[in-house]
Amino acid sequence: MRSRTLPRALLAVLLAAPLATACHGARQDAAHPSPGRAGAACGRGDPMTRTELFFGLDRFELPPVTQAEWQQFVDTAVTPRFKEGLTQFDVDGQYLAKTGKLIREDSRLIMLLHDGGQVASDAIDAIRKEYKVRFNQESVLRIDEPVCVGF
């Protein structure tokens, strides 16, 4: 299946850097930050959680997700859950398939800043589930980390 993505992490970090400043001394659970973990000490800005979601656009035995389909998904599944705002990027993804073949695909990254609570986490999981169902995807990568944010 051509639905798993491992986008270029460096691109995501470089693009996200202007929006958030890393917390110095913030505790972070390697698996998943717990809700409210963003409350670690910040030298500057306010503690928040940054979630990055990586969406592969290739579909099994169907054409890739179109720009119009993607925008409709963002408008109907993401924006209503995160009205405060979001950032999205076009990224290149690749992964090693079970067959041993290197698969490359266009992908989208959505970055969300939120309080790290259960309501936000549940909304993010609902977005991931909806994308997988709507576009016949195997997975949507989620990365959470505590950050310090100043607007």
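Please read these numbers as outputs of a predicted model, since none were measured by experiment.

**Student:** Quick question: what am I supposed to make of the pattern of salt bridges here?
**Tutor:** Any two side chains of opposite charge can pair if their charged atoms end up close together. Summed over all chains, the structure comprises nine salt bridges. Here Arg50 makes a salt bridge to Glu52, at a shortest N to O gap of 3.9 Å. Across this residue pair, the class does not change: Arg50 and Glu52 are buried. Where Arg142 meets Asp144, a salt bridge forms, and the shortest distance between an N and an O atom there is 2.8 Å. Within this structure, Asp125, Arg128, Arg142 and Asp144 form a network of salt bridges that share partners.

**Student:** Would you explain the packing of helix 2 (residues 67–78) against helix 3 (residues 118–134) in this entry?
**Tutor:** Any two packed helices are characterised by the angle at which their axes cross and by the distance between the axes. Across the interface, helix 2 lies against helix 3 with an axial gap of 11 Å and an inter-helix angle of 145°. The hand of the helix 2/helix 3 crossing is right-handed. Contacts between helix 2 and helix 3 involve Trp70, Gln72, Phe73, Thr76, Ala77 and Val78 on the former and, on the latter, Ile127, Glu130, Tyr131 and Arg134. Grouping the constituent residues of the contact of helix 2 with helix 3 by class yields six nonpolar, two polar and two charged.

Quick notes on the rules
- Residues numbered from 1 in each chain as written.
- Predicted model: local features only at pLDDT ≥ 70, side-chain atom pairs only at ≥ 80, totals over all residues.
- Heavy atoms only, no water.
- Salt bridge = Lys/Arg side-chain N within 4 Å of Asp/Glu carboxyl O.
- Buried < 20%, exposed > 50% of the residue type's maximum accessible area, 1.4 Å probe, protein only.
- Axes fitted to C-alpha atoms, helices over the stretch in contact; angles between N-to-C directions.
- Helix = DSSP H or I, 4+ residues; strand = E, 2+ residues; numbered from the N terminus.
- Left-handed = near helix turned anticlockwise from the far one by under 90°.
- Contact = heavy atoms within 4.5 Å.
- Nonpolar A, V, L, I, M, F, W, Y, C, P; charged D, E, K, R; others polar.

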